[in-house]
Amino acid sequence: MTDAIRHTRLLIIGSGPAGYTAGVYASRAMLNPILVQGIQPGGQLTITTDVENWPGDASVMGPDLMVRMEHHAKEMGTEIISDHIMSLDLSVRPFRAVGDSGTTYTADAVILATGAQAKWLGLPSEEHFKGFGVSACATCDGFFYRGQEIVVVGGGNTAVEEALFLTNFASKVTLIHRRDSLRAEKIMQDRLFKNPKVAVLWNHEIDAVIGGDNPRGVEGVRAKHVETGEITEVPCKGFFVAIGHAPATELVKDQLELHNGGYVKVEPGTTRTSIPGVFAAGDLTDHVYRQAVTSAGMGCMAALDAEKWLAEHEADQTAAAAE
Ligand code: FAD
Ligand code: NAP
């Protein structure tokens, strides 16, 4: 633990595509930014494998891409700090953030790029078996289920990608979705339907995860037909929840205006939040696109918005001091 106080003109919170891109642009604008990485350095792309829609790379491993982004930001001059912000006070100037390390960061401007976190179904049985067969990360935990049956729930890109990845280990993967069509990209759907190890159970919701306690482990899931209520039990040793992500607004939810179920609200076409000098970029503010490339684009916008705001703000302060 250190009790240091670090002041910076610009504090960037988060190290996904939005945070690192903001770091690149802010460094080139000579703002000497500090970027705090959080508990997931590199963000969500570090828990996936192939990324096939990052322009310039037909295929790149997510973790490799994020290491490259980190190097890029560092090389341009961003000071990258391994710490997690546990509180942020936006009611004082300079803004005040306190890290797990004990360091207090004070900043004239802040870019929030804390991204999103996996959503859970909210079932007591899901909670009971978390870490004992229930997971939200196939790349982290898929290996444990070699030769076993696996169930994935969800119908978006993440669910399809996780299901396909898990066929590398599992004897069978059942994807359970609450509707009769997927929202994943068509190319991903094609790959899913062609894979002989994959079965899809349509129009079903998960009613409960079932298993034993001696030792604790999953034995299957109980799925309920959304119209008839008919129950189907699907045996599995691993149950992967892939039902989307919620914005990581813990630090600011009582301080900034939010919209669309908790995303940080920004002025349209900008990254300006409801507090001057505070900017938001990436999945934290975007309930529509939620892509690496759009997050990176917003990181760029946030750095440019912050640079402009700081220049105006500092000019105002100088003029006030001269009066
Ligand atoms: P994130 O990547 O979510 O990063 C958030 C960062 O904030 C993390 O570094 C975290 O440590 C940090 N943080 C959070 N709270 C704090 C705090 N209190 N203090 C300090 N730091 C904090 N998109 C694509 O375009 N192509 C793909 O192929 C693709 N594949 C995906 C596969 C999976 C499995 C998932 C989950 C997502 C995928 N996405 C993909 C979506 C993409 O990953 C996100 O859109 C993108 O990562 C969002 O970037 P971000 O910078 O907003 O935040
Ligand atoms: P998503 O697109 O929001 O999809 C979530 C899925 O989970 C939906 O199919 C939804 O069903 C289902 N769902 C939500 N709540 C549920 C519940 N309580 N019970 C059962 N099912 C539930 O989320 P995502 O797949 O994580 O993707 C998030 C973003 O990251 C997207 O923008 C996506 O494009 C991006 N991403 C991209 C890639 C890629 O480009 N390869 C890979 C992964 C993620 P409904 O369909 O009925 O709503």
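From a predicted model like this one, the values you see are computed outputs, not experimental measurements.

(A) Main features of the overall build of the protein chain. The helix and strand tally for the protein chain stands at seven helices and 21 strands. Its C-alpha atoms give the protein chain a radius of gyration of 22 Å, near enough to 20 Å, the size a compact globule of 323 residues would have. A buried classification covers 48% of the 323 residues belonging to the protein chain. Within the protein chain, counting contacts between residues at least 6 apart in sequence, those at least 24 apart form 60% of the total. Carbon together with sulfur atoms contributes 52% to the accessible area of the protein chain, which is approximately 15,800 Å² in total.

(B) Here's a closer look at helix H6 (residues 186-194). Those residues of H6 that fall on the buried side of the exposure criterion are Met 188, Gln 189 and Leu 192. Down the axis of H6, the buried set is contained in an arc of 100°. They therefore lie on one face. Facing away from the buried surface of H6 by more than 90 degrees, the exposed residues are Lys 186 and Lys 194. On its buried side, H6 packs onto helix H5 (157-166), strand E12 (172-176) and strand E13 (198-201).

(C) Quick peek at the domain arrangement of the protein chain. Segmenting the protein chain into domains produces domain 1 (5-117 + 245-321) and domain 2 (121-242). In this assembly, seven residues from domain 1 lie in contact with eight residues from domain 2. Both sides of the domain 1 and domain 2 interface together cover about 510 Å² of buried area, and 44% of this is carbon and sulfur. Among the residues domain 1 hides against domain 2, the three largest losses belong to Ile 47, Thr 49 and Glu 52. Together they make up 65% of the total.

About the criteria used
- Residues numbered from 1 in each chain as written.
- Chains lettered and ligands numbered in written order.
- Predicted model: local features only at pLDDT ≥ 70, side-chain atom pairs only at ≥ 80, totals over all residues.
- Heavy atoms only, no water.
- Helix = DSSP H or I, 4+ residues; strand = E, 2+ residues; numbered from the N terminus.
- Rg over C-alpha atoms; globule rule 2.2 N^0.38 Å.
- Buried < 20%, exposed > 50% of the residue type's maximum accessible area, 1.4 Å probe, protein only.
- Contact = heavy atoms within 4.5 Å.
- Areas by Shrake-Rupley, 256 points an atom, 1.4 Å probe, with all protein chains shown as cover.
- Arc of directions from axis to C-beta.
- Domains from an automatic or database assignment.
- Buried area = accessible area lost by both parts, 1.4 Å probe.

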